[in-house]
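# Coordinate inspection notes
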Amino acid sequence: MYDRVSRLISLLLLALMLPLPAALAVGEATLLKQLSQPPFLAAVSMSRDGHFLSGLRRNEDVSELVVWYADAGLNEAEVLPYAFEDLSWMAWVGGGRLLLSLNEHGLVLYDAHLRRLRPLIDGEGPRPGDLPPVLLSSLPEDPRRILLQWEDPGVPGYPAVFRVDAVSGASEKIIGGWKPVIRWWASPQGEIILGEGFVARRHRLFAPRADGSWDMIRDRDYFDDDALAVLAVETGGATALVLSSHDSDTRALWRMDARSGDFMKRLAGHDRYDIVAAILDPETNLAVGATYEEDGIEDMVWAATHQDRIKDMAARAGVANLSLVAASVDGRRQLYRARLKHAPSRYFLYDAEVDLLNPLPYDPAEDALPTPETKGVWIDLPRGKGQMHALLSRAHTGRAVVLVHGGPVKRVTDSYNPFVSWLTANGYSVLQPNFRGSSGFGERWRRAGYAEWGHDMQDDVRTATEWLVDQNIARKGEICVVGGSYGGYAALMSSIKDDDLIGCAVSLNGVTSIELLIRHLEEGRFHMLTTPRIQGRLSKWALRRRSPVNRADLVRVPVLLLHSTNDMNVRFEHGQLMHTVLTRLEKVHKFIVLEGAEHQLKRAADKRIYYQSTLNFLDAHIGPGSQR
């Protein structure tokens, strides 16, 4: 009975909060649709022979998977029966074959030459509920075959390595699963070079001996020792590319001896920012550059390549931030992506025979999308705790949003963010702090967030809010803290601790009980890689005091809660509990149920509810028509 009543209340609140078309100007409704719909073309990739392209093309509010012959153009694309929500990953293998790993239907292969779609495995393959399959190598020297890992039926929970004939579907196990390896790494030629595993909070790497046995070459504490993340095995198999804080606070790109685990050469590093990726030459599979994130995404390339000329061509056409996505084996064609600040990425195809860089189709309406006035700022923390990086997008109205990112071990960069575009276009400046615990700024900054939910990390949100006031960007009471996941948690904690500064808080799929979150994480297999970062040595009593649902009596500003019913990261129960407690305490709040939505909002309709209901809430409580 209680569940039915609660659901009726939730549906009523949802109806009250849905955007009212009559209240929106035509331009606002158009902008809302543009910013919430999928990109016109996304996730474009090219076959190794350069003949075919694939991508996700917008069809109304859905991204459908299409494949087309590069010389014919997108208008003649074949539509495959899958959408963005169906896909786990996809990759071109063996020339014109597109391998698809589907969330619910296993592995399928599309032969673009024959226009044929079929299951990949002829026999027993990956099963629903098992470890998801991983492509280890497309075996460019043997285009008929590919190398994959999936869960070994004889060793539950651990993957074996299989060589698969992409034509016949026959598979052969070449390495059986064994504890603790959960990820295998292969050279491009198909030799298994590394095994990677975890035991509690120990991270271990294994390398093969000549006699077929394996040596443990690395054994580190996941939290306390130097960071180490494997990126790829280079051509030949003797070396691997890894990110490590081996000799610095920030993570650098290293070439590692794949047999011994010894660091051989520091390829790229930055004094202030972590290196986040390696740039591989698609022909040699050797590192030619690295990527780091400053205010935006920056590439450093040390190998002289023909890409410099292509980037010059793009610059003359007004396109910056061009990066190589794929290249044909004969070098005739290259696929590039341009990252934009005001719109989704766009793609370009370079044809060496005619020396032209041609844009792939995009929606011309994107050219009219608003471009936020964004810059990076550094904010001093109290008591000499250092500086915090943040992104400021100005609207020049005296009203602002502190937008807290999720993760929390993530960071924000000055790349396209439709939600920020929506808020600034409607008169709200947006400050996005990279608080302590964020990634990208070195190990000391990331580890400063361990066990600091609701404490030091939350203090940084307050510091960001105070900075807006001190800089005369916004006035006290005309600031709202907004965020999703961890950001939703921070917004709710701000409604408890910062009512002297803010006028409201908005939480999307936010954590409301740390205890409840930890219990959920402990149901997972590798919870020792996550829970110590959150809990540390804090007692259950301390965790409760840092949980919004246990401090809801102190909420003093209006709160907007939105929660997805199919959220597998922060379960729907978090939103329900907070709504129930706030209702019992007669706190001003609204609760919106996003029926069928997931933790990350993928559907355009759900994004529109989030964008519009947030704007309605801001206008009502800190906007020009608010009753303050």
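What counts and what doesn't
- Residues numbered from 1 in each chain as written.
- Predicted model: local features only at pLDDT ≥ 70, side-chain atom pairs only at ≥ 80, totals over all residues.
- Heavy atoms only, no water.
- Pairing = 2+ DSSP bridges.
- Helix = DSSP H or I, 4+ residues; strand = E, 2+ residues; numbered from the N terminus.
- Axes fitted to C-alpha atoms, helices over the stretch in contact; angles between N-to-C directions.
- pLDDT = per-residue confidence, 0-100.
- Contact = heavy atoms within 4.5 Å.
- 1 Å grid on protein atoms, 1.4 Å probe; cavity = no way out; pocket = protein on both sides within 12 Å on 5 of 7 lines; lining within 4 Å.
- Points joined across faces, edges and corners; volume = space filled by probe spheres on them.
- Nonpolar A, V, L, I, M, F, W, Y, C, P; charged D, E, K, R; others polar.
- Disulfide = S-S within 2.5 Å.
- Buried < 20%, exposed > 50% of the residue type's maximum accessible area, 1.4 Å probe, protein only.
- Phe/Tyr/Trp six-rings, centres within 6.5 Å; stacked < 30°, edge-to-face > 60°.
- Lys NZ or Arg CZ within 6 Å of the ring centre and 35° of its normal.

Attention now goes to the sheet that holds strand E6 (residues 97–102). Remark on secondary structure: sheet strands pair via backbone hydrogen bonds, oriented parallel or antiparallel. Judged by pairing direction, the sheet is antiparallel, and its 4 strands sit side by side in the order E5-E6-E7-E8 without closing on themselves. What marks the edges here is a single partner per strand, and that holds for strand E5 (87–93) and strand E8 (116–119). Strand after strand, the sheet turns through a mean of 20° between neighbouring axes, direction not considered. Where strand E7 (residues 106–111) and E8 come together, 4 bridges link them in antiparallel fashion. Along E8, the bridge assignment pairs aspartate 111 with arginine 116.

Next up on the list: the confidence of the model for the protein. Across the protein, the average pLDDT comes to 91, with 95% of residues at or above 70. Taken as a whole, residues 1–26 scores under 50 in pLDDT and shows 22 contacts with residues more than four places along the chain or in a different chain.

Counting across every chain of the model gives 4 cavities of 30 Å³ or more. Considered as a void within the structure, the largest cavity measures approximately 60 Å³ in volume. Class assignment for the residues of the lining of the largest cavity results in 7 nonpolar, 1 polar and 2 charged.

This next bit is on the layout of surface pockets. Approximately 1,600 Å³ is the volume attributed to the second largest pocket. Along its surface, the second largest pocket is lined by 43 residues, and Arg48, Leu280, Pro282, Asn285 and Val325 are the ones closest to its centre. Of all the elements, strand E24 (residues 322–327) adds the most residues to the lining of the second largest pocket, at 5 residues. Grouping the amino acids of the lining of the second largest pocket by side-chain chemistry returns 23 nonpolar, 11 polar and 9 charged.

Overall, the coordinates contain 1 disulfide when judged by the stated rule. The disulfide partner of cysteine 480 is cysteine 504, and the S-S distance across this bridge is 2.4 Å. Residues cysteine 480 and cysteine 504 share a disulfide whose torsion about the S-S bond is about -135°; that sign makes it left-handed. Highlighted residues: cysteine 480 in strand E32 (residues 474–484) and cysteine 504 in strand E33 (residues 504–508), separated in sequence by 24 residues. Exposure class is identical for cysteine 480 and cysteine 504. Each is buried.

Scanning the entire structure with this criterion turns up 23 aromatic pairs. With 6.1 Å between their ring centres and 90° between their planes, tryptophan 378 and phenylalanine 441 make a pair best called edge-to-face. Pair noted here: tryptophan 378 is in strand E28 (residues 373–380) and phenylalanine 441 is in the loop between strand E31 (429–433) and helix H5 (443–447), with a separation of 63 residues, a long-range link. Aromatic pair tryptophan 453 and tyrosine 489: ring centres 5.0 Å apart, planes at 50°, arrangement tilted. With tryptophan 453 in the loop between H5 and helix H6 (456–470) and tyrosine 489 in helix H7 (residues 486–497), this residue pair connects regions lying 36 residues apart in the sequence. For the pair tryptophan 453 and tyrosine 489, a shared accessibility class is recorded, and that class is buried. Within the aromatic cluster, the residues linked to one another by ring pairs are Phe198, Tyr222, Phe223, Tyr450 and Phe526. Just above the ring of tyrosine 428 sits the side chain of arginine 399; from NZ or CZ to the centre is 5.6 Å. Taking the ring centre of tyrosine 158 as reference, the NZ or CZ of arginine 525 above it sits at 4.5 Å.

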